Amino acid sequence: MNSAMQNQSNPKPYKYPVEISNLVKAFGENVVLNDISLNVPSGEVLAIIGPSGSGKSTLLRCINHLEKPTGGTIKVCGEYIGYRRKGNVLRGIGGKDLARQRAHTGMVFQHFNLYAHKTALENIIESPIHVKGVDVETAKARARVLLGRVGLAERADAYPAQLSGGQQQRVAIARALATDPDVMLFDEPTSALDPELVGEVLTVMREIAESGMTMIVVTHEIQFAHDVCDRVVFMADGGLVEEGTPRDVLDNPQAERTRLFLGRFN
Ligand code: ADP
Ligand code: MG
């Protein structure tokens with residue numbers, strides 16, 4: 001059975017698709033993540049908020065092993081991401097093995113990161129074909145479904161430069177969904193957009209959340225975090241300062257740092 005079929009028959013196989021234990025990440029002397037532990041239950045939509053430079057992007061990038069942790073462990077769908085366990089020893093992996101682990105997550109970046117010389121459809125089919133070994137026609141059919149899901153059924157053959165920022169980001173979301181990930185990671189997906197284009201991207205994200213997807217969303221969209229997310233974590237200086245329901249953290253923050261940060265949005 002291929003993993004797409006497994007996803008359909010058993011959409012929530014892991015109690016905690018993401019398990020982060022005592023994660024430390026340093027760049028030279030600069031300790032950017034300082035002993036972070038965080039479990040994300042299946043189906044949860046988690047917002048991570050916090051000031052610029054607090055380590056939010058680095059945390060997401062560790063979850064798909066775009067950054068290698070300095071210490072601690074991260075399990076994604078039960079596997080130590082970036083490693084294979086042999087007895088009690090973790091050995092680093094790369095290449096296809098790492099790509100296969102990475103396919104558990106779909107990442108959406110602030111700056112879309114689409115291939116400029118590929119059409120929307122070609123951007124979306126890339127990973128299914130090369131990482132998952134899906135045949136071209138199946139990948140194309142699935143890509144068209146995903147383009148429909150993000151409201152771009154008519155734009156399959158458009159190049160990124162022919163699309164608005166909001167449309168490009170919706171293609172990027174479709175691309176991230178194309179490998180049937182168990183977890184979607186969003187790194188400030190609307191921060192680079194003109195204000196009038198933010199809503200269309202947030203609407204797509206809300207629909208994905210409502211489909212039951214496990215999501216970790218780094219965002220400054222406080223209203224979105226409030227309305228759509230199940231839990232909010234406030235990060236500062238590489239640590240988790242406060243977490244709770246959106247009402248707890250956003251309406252009634254306990255920590256002074258959270259209050260100061262949220263004061264900016266009022
Ligand atoms: P945020 O996303 O919350 O704004 P980042 O995770 O991007 O924060 O950055 C946290 C800190 O890590 C910053 O001080 C940043 O300069 C540093 N940093 C991030 N990536 C690198 C890197 N590749 N090399 C060195 N320092 C980095
Ligand atoms: Mg960032």
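Analysis parameters
Residues numbered from 1 in each chain as written. Chains lettered and ligands numbered in written order. Predicted model: local features only at pLDDT ≥ 70, side-chain atom pairs only at ≥ 80, totals over all residues. Heavy atoms only, no water. UniProt positions renumbered as here; feature names shortened; annotations may be inferred. Pairing = 2+ DSSP bridges. Helix = DSSP H or I, 4+ residues; strand = E, 2+ residues; numbered from the N terminus. Contact = heavy atoms within 4.5 Å. Axes fitted to C-alpha atoms, helices over the stretch in contact; angles between N-to-C directions. Phe/Tyr/Trp six-rings, centres within 6.5 Å; stacked < 30°, edge-to-face > 60°. Buried < 20%, exposed > 50% of the residue type's maximum accessible area, 1.4 Å probe, protein only. Lys NZ or Arg CZ within 6 Å of the ring centre and 35° of its normal. Parallel < 35°, antiparallel > 145°, perpendicular 65-115°, else oblique. Left-handed = near helix turned anticlockwise from the far one by under 90°. Nonpolar A, V, L, I, M, F, W, Y, C, P; charged D, E, K, R; others polar. Near = heavy atom within 4 Å. Polar contact = N/O pair within 3.5 Å; in protein donor to acceptor, adjacent residues only side chain to side chain. Areas by Shrake-Rupley, 256 points an atom, 1.4 Å probe, with all protein chains shown as cover. 1 Å grid on protein atoms, 1.4 Å probe; cavity = no way out; pocket = protein on both sides within 12 Å on 5 of 7 lines; lining within 4 Å. Points joined across faces, edges and corners; volume = space filled by probe spheres on them.

Under an unreviewed UniProt entry, the chain has the name Amino acid ABC transporter ATP-binding protein (PAAT family) and belongs to Paralcaligenes ureilyticus. Entered under Sequence similarities (unreviewed entry) in the UniProt record, the comment concerning the chain runs "Belongs to the ABC transporter superfamily."

Undergrad: Before we go on, may I ask you to explain the sheet that holds strand β4 (residues 71-76) in this structure?
TA: Strand pairing in a sheet takes place through backbone hydrogen bonds and is either antiparallel or parallel in direction. Overall, antiparallel pairing links the four strands, which are arranged β2-β1-β4-β5 in an open sheet. Looking at strand neighbours, the two that pair on one side only are β2 (30-40) and β5 (79-80), the edges of this open sheet. In this fold helix α2 (residues 56-63) packs onto β1 (18-27), β2 and β4, with an angle of close to 120 degrees to the strand it touches most, β1.

Undergrad: When you look at the packing of aromatic side chains in this model, what are you seeing that I'm missing?
TA: For any pair of aromatic rings, geometry is given as the distance between the ring centres together with the angle between the planes. Summed over the entire model, instances satisfying the criterion amount to one aromatic pair. Summarising the aromatic geometry, the rings of F234 and F261 are spaced 5.3 Å apart at their centres and angled 45 degrees between planes, so their arrangement reads as tilted. Here F234 is found in strand β11 (residues 231-236), whereas its partner F261 is found in helix α10 (residues 256-263), with 27 residues between them in sequence. In this pair, the class of F234 matches that of F261, namely buried. For K118, the ring lying beneath its charged end belongs to Y115, and the centroid distance is 5.7 Å.

Undergrad: Sorry if this is basic, but what is going on with the side chain of T179 here?
TA: You can see T179 is positioned in the loop between α6 (165-177) and β9 (183-187). Setting aside chain neighbours within four positions, we find T179 in contact with A103, S127, P128 and K132.

Undergrad: I would appreciate a short explanation of the packing of α6 against helix α7 (residues 195-210) in the present structure.
TA: Helix-helix packing: each pair is described by the crossing angle between the helix axes and the interaxial distance. Between α6 and α7, the least distance of the axes is 8 Å, while the angle of their chain directions is 20 degrees. Our classification of the angle between α6 and α7 gives roughly parallel. By crossing handedness, the relation of α6 to α7 is classed as right-handed. Seen from α6, the contacting residues are G165, G166, Q167, Q169, R170, I173 and L177; seen from α7, they are L197, E200, V201, V204, M205 and I208. Looking at side-chain class alone, the contact of α6 with α7 contains seven nonpolar, four polar and two charged residues.

Undergrad: What is the right way to look at the site of ligand 1 in this model?
TA: Taken together, F27, N30, V32, P51, S52, G53, S54, G55, K56, S57 and T58 make up the full set of residues near ligand 1. Note that an oxygen atom of ligand 1 is positioned 3.0 Å from one of the backbone N or O atoms of G55. A distance of 2.9 Å is found between an oxygen atom of ligand 1 and a side-chain nitrogen or oxygen belonging to S57. Expressed as a share of its isolated accessible area of 560 Å², the protein-covered part of ligand 1 is 59%. Put simply, the parts of the chain that give the shell around ligand 1 at least two residues each are β2 and α2. Counting residues per element, the shell around ligand 1 draws most heavily on α2, which supplies three residues. Of the residues assigned to the shell around ligand 1, the class counts are three nonpolar, seven polar and one charged.

Undergrad: Honestly, the layout of surface pockets in this entry has me stumped. Any pointers?
TA: Over the atoms rolls a probe the size of a water molecule, and in doing so it shows where empty space is left. Of the volumes computed, that of the second largest pocket is approximately 510 Å³. Considering the residues around the second largest pocket, the lining is formed by 19 residues, among which R102, T105, M107, F109 and S127 are closest to the centre. Class assignment for the residues of the lining of the second largest pocket results in nine nonpolar, seven polar and three charged.

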